[in-house]
Amino acid sequence: MTKEQWAKDLAKNINPANIKLDESLQQYTMTKLGGKADVFVLPETEEEAASVIRYAYINNIPLLMLGNGSNMVVRDGGHRGIVVTFSSLDEIRINGEHVYAQSGALIKDVSKLSAQASLTGFEFACGIPGSIGGAMAMNAGAYGGEIKDIIVSSKVLTREGNILVLSKEELELGYRQSIIAKKGYYVLSSEFQLAVGVQEEIDAKIADLTFQRESKQPLEYPSAGSVFKRPPGHFAGKLIQDSGLQGQGVGDAEVSTKHAGFIVNKGNATATDYIETIRMVQRVVKEKFGVELETEVKIVGDDL
């Protein structure tokens, strides 16, 4: 089947205005990198989302889930298949100490609304630039907090398009890992358990974390966020800094001079530049310290 046929078939269940052919993925990624998707789909309901997943599975079409594009590098060749994003599934609902959020809701928005409701526990996520779906898949965390500390359950789609509701235990959340990532599930929504807090303390904590993030991270440039997982017994940023790699890179991709754990796009980097800079950092750190740096960011898509 052709991509045109895929789009025609998908339009039976989805608004054709939300199905695009040969769509550049640069505008959907935080790095501003990546080639084109054969077919790009933006479902507006959970039923539409399930229909896309099922269609790709039944027809054996390569499917790429693009969340907020904050923890991902899409290669310059784009994606030969269907790219789907649940960004329109962005409802956030608060009921007492429970917070419900759909997959496409931004985690920082959920943190913000929770704080406004005088709920504590989600402050750590006030600056994380990803979606709830992506945060669940990698058990996102920052400043001593993690998703696993507050999660109750998640509703997910299997690769076949079937719906499951997974408890905290069934999610198997560990350091930057989950059953969602292992099994290739797609998050539809999640429920969190918070606690009533003191508004002034919540506000002060968020202000402090926001200051730390803005003063230490290179937010003035596009990037995929923190590139590497924390290796046992070390800090990735410190190893990279001690390797003298800040300011170095390939093309317009550069190890940030502000925070060595970040690789930034200085303006005209390609995905190939970015990936080659990642590999260069891994090679040098291994040579100098004998430590294998594992990427936290996902590298997806096709080469040119």
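Residues numbered from 1 in each chain as written. Predicted model: local features only at pLDDT ≥ 70, side-chain atom pairs only at ≥ 80, totals over all residues. Heavy atoms only, no water.

Turning our attention to the pattern of salt bridges. Taken as a whole and judged by the stated rule, the model has 16 salt bridges. Close ionic contact of lysine 182 with glutamate 172 constitutes a salt bridge, the shortest N to O distance being 3.4 Å. Taken together, the residues lysine 182 in helix H6 (residues 179-183) and glutamate 172 in the loop between helix H5 (168-171) and H6 connect sequence positions 10 residues apart. Take lysine 182: its relative accessible area is 52%, and that puts it in the exposed class. (Salt bridge = Lys/Arg side-chain N within 4 Å of Asp/Glu carboxyl O. Helix = DSSP H or I, 4+ residues; strand = E, 2+ residues; numbered from the N terminus. Buried < 20%, exposed > 50% of the residue type's maximum accessible area, 1.4 Å probe, protein only.)

The next thing to look at is the UniProt feature "domain: FAD-binding PCMH-type" (unreviewed entry) in the chain. The UniProt entry lists residues 33-216 under the feature "domain: FAD-binding PCMH-type" (unreviewed entry), expressed in the numbering used here. For residues 33-216, helix accounts for 30% and strand for 30%, while the C-alpha atoms at its two ends are 23 Å apart. (UniProt positions renumbered as here; feature names shortened; annotations may be inferred.)

Turning our eyes to something else, we now look at the side chain of asparagine 139. By the secondary structure assignment, asparagine 139 is in the loop between helix H4 (132-137) and strand E9 (141-142). Setting aside residues up to four positions removed in sequence, asparagine 139 forms contacts with Glu146, Ile147, Lys148, Leu173, Gly174, Tyr175, Arg176 and Gln177. (Contact = heavy atoms within 4.5 Å.)

When the domains of the chain are assigned, the result is domain 1 (3-85), domain 2 (92-216) and domain 3 (236-300). Between the C-alpha centres of domain 1 and domain 2 there is a distance of 24 Å. Of the roughly 1200 Å² buried where domain 1 meets domain 2, counting both sides, 61% is carbon and sulfur surface. Together, Glu46, Ile53 and Tyr57 form the three largest contributors to the area buried by domain 1 at its contact with domain 2, with a combined 44%. On the surface where domain 1 and domain 2 come into contact, there are one salt bridge. Close ionic contact of glutamate 46 with lysine 155 constitutes a salt bridge, the shortest N to O distance being 2.9 Å. (Domains from an automatic or database assignment. Buried area = accessible area lost by both parts, 1.4 Å probe.)

So, about helix H7 (residues 199-216). When the terminal C-alpha atoms of H7 are compared, their 26 Å separation across 18 residues agrees well with the 26 Å that a helix rising 1.5 Å per residue should span. Residues of H7 that are buried: Ile202, Ile206, Leu209 and Arg213. Taken around the axis of H7, the buried residues stretch over an arc of 70°, which confines them to a single face. What points out from H7, more than 90 degrees from its buried face, is the exposed set Glu200, Glu201 and Phe211. Against helix H3 (107-116) and strand E8 (119-120) lie the buried residues of H7. (Expected span 1.5 Å × (residues − 1). Arc of directions from axis to C-beta.)

Let us now look at the packing of aromatic side chains. Here the structure, examined in full by the defined rule, presents three aromatic pairs. Taking 4.3 Å as the distance between ring centres and 25° as the angle between the ring planes, the aromatic pair formed by tyrosine 28 and phenylalanine 40 counts as stacked. Residue tyrosine 28 is found in the loop between strand E1 (19-24) and strand E2 (36-41), and its partner phenylalanine 40 is found in strand E2; the two are separated by 12 residues along the sequence. Note on phenylalanine 40: relative accessible area 2%, which makes it buried. Members of the aromatic cluster, connected to one another through ring pairs, are Phe122, Phe124 and Phe192. One residue, arginine 93, lies across the ring of tyrosine 100, its end atom 4.1 Å from the ring centre. Over the ring of tyrosine 175 we find arginine 230; its NZ or CZ atom is 4.8 Å from the centre of that ring. (Phe/Tyr/Trp six-rings, centres within 6.5 Å; stacked < 30°, edge-to-face > 60°. Lys NZ or Arg CZ within 6 Å of the ring centre and 35° of its normal.)

Further remarks concern the UniProt feature "active site" (unreviewed entry) in the chain. As annotated in UniProt, the feature "active site" (unreviewed entry) corresponds to Arg176, Ser226 and Glu296 in the numbering used here. Spanning 121 residues, the annotated positions come together in the fold, the maximum distance between their C-alpha atoms being 11.8 Å. Mapping arginine 176 onto the fold places it in the loop between H5 and H6. In contact with arginine 176, other than residues within four places in its own chain, are Met138, Asn139, Ala140, Gly141, Glu146, Lys229 and Glu296.

Looking now at the side chain of serine 256. Along the polypeptide, serine 256 turns up in the loop between strand E16 (253-255) and strand E17 (262-265). A residue is classified by how much of its surface remains accessible, and serine 256, at 2% relative accessible area, is buried. A polar contact of 2.9 Å, which involves the side chain of serine 256, links it to the backbone nitrogen of lysine 258. Among residues more than four places away in sequence, those in contact with serine 256 are Pro218, Gln246, Phe262 and Val264. (Polar contact = N/O pair within 3.5 Å; in protein donor to acceptor, adjacent residues only side chain to side chain.)

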